[in-house]
Amino acid sequence: MKKSIMLFASLLLGSAAALAQMTCVVAHRGYWDTDGSAQNSIRALVKADSIDCYGSEFDVWMTADKKLVVNHDADINGVHIETSKARDVLAQKLKNGENVPTLEQYLDRALSLRTRLILELKPHADKKLEEEAVKAIMKLVKERGLEANMEYITFSPEAFANLIKYAPKGTPVFYLAGNLSPREIKAMGGAGIDYHYSVLKRNPWWIAECHALNLRVNAWTVNDPKDIQWCIDHEVDIITTNAPKLVQQMLIEQ
Ligand code: MG
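Cut-offs applied
- All chains use their own residue numbering, which begins from 1 and follows the written sequence.
- Only residues with pLDDT of 70 or above have their local features reported here, since the model is predicted, and side-chain atom pairs are shown and tallied only from 80 upward, although totals for entire chains, interfaces and linings are computed over all residues.
- Here the side-chain values reflect all heavy atoms present in the structure, with hydrogen atoms and water set aside.
- Secondary structure elements follow DSSP: runs of H or I no shorter than four residues count as helices, runs of E no shorter than two count as strands, and numbering proceeds from the N terminus.
- The buried label goes to any residue with under 20% of its type's maximum accessible area, the exposed label to any with over 50%, and the partly exposed label to all in between, with areas taken from a 1.4 Å probe on protein chains only.
- Note on definitions: a residue-residue contact is assigned when non-hydrogen atoms from the two residues lie within 4.5 Å.
- Coordination partners: N, O, S within 2.8 Å of the metal, 3.2 Å for Na, K and Ca; water not considered, so apparent gaps in a site are possible.

Further remarks concern the environment of Cys-24. Along the polypeptide, Cys-24 turns up in strand β1 (residues 24-27). Here Cys-24 falls in the buried class, since its relative accessible area comes to 18%. For the pair Cys-24 and Lys-135, spaced 111 residues apart in sequence, the C-alpha separation works out to 28 Å. When residues no more than four places from it in sequence are discounted, the contact partners of Cys-24 are Tyr-54, Asp-237, Ile-238 and Ile-239.

Here we take up the coordination of the magnesium ion. On the protein side, the magnesium ion has Glu-57 (OE), Asp-59 (OD) and Glu-120 (OE) as donor atoms, found 2.0 to 2.1 Å from it. Summarised as a motif, the one-chain spacing of the donors to the magnesium ion is E-x1-D-x60-E. Residue Asp-59 is found in strand β2 (residues 55-62), and its partner Glu-120 is found in strand β6 (residues 116-121); the two are separated by 61 residues along the sequence. For the pair Asp-59 and Glu-120, one class covers both residues: buried.

Rendered as structure tokens:
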């Protein structure tokens with residue numbers, strides 16, 4: 001009897017340890033550092049899925065005529081997205097020859113994929129447009145039944161509050177800027193912190209504090225093996241990286 005209790009306890013402890021080790025890998029701007037891919041391309045989303053990333057991150061802007069498009073920078077080839085027409089933005093080419101994708105195209109492609117969609121809403125100068133972007137994102141996601149596949153991230157404090165307000169209850173929303181404590185994130189209804197790894201290195205106690213508050217910790221953009229190992233050792237939950245295969249390999253070798 002005593003033996004079986006001990007066995008049960010060790011199994012429980014073993015599974016808790018295994019859970020603690022389950023670090024998730026997010027491909028930053030998709031898996032782009034590979035043949036035929038490019039940052040924020042549809043190909044990068046498909047590639048991230050093909051190597052079983054937990055999630056594929058991408059950046060979203062709203063054009064002046066209210067179309068949601070996927071691109072990192074505020075400008076592409078001299079076209080300023082927020083103040084330009086969608087027609088002009090979508091005519092621009094990515095490095096792999098794809099045109100700048102619309103969010104609709106991105107979501108449509110994701111319908112047959114398993115990877116989670118880590119949508120970063122970029123901070124818009126026009127805060128009204130930014131709020132409209134949040135509402136429009138929710139509409140497109142709902143129309144496709146993708147709500148459960150989504151996680152949202154943003155540097156914009158206003159967008160952070162609006163994403164929490166307009167997303168279905170329980171949708172993970174993370175804050176990127178690194179200047180709010182876990183308690184502040186919890187009080188605002190966020191799912192966790194998604195901070196540059198240097199912020200976590202300066203405030204390593206925030207990781208345990210997040211876990212105690214039932215928040216998740218995501219670190220960006222972690223590419224160097226030393227920094228990846230630091231994140232694994234400090235039980236960061238999600239590693240956002242330009243080198244998803246390297247992080248996956250390092251996790252296997254732990
Ligand atoms: Mg991003």
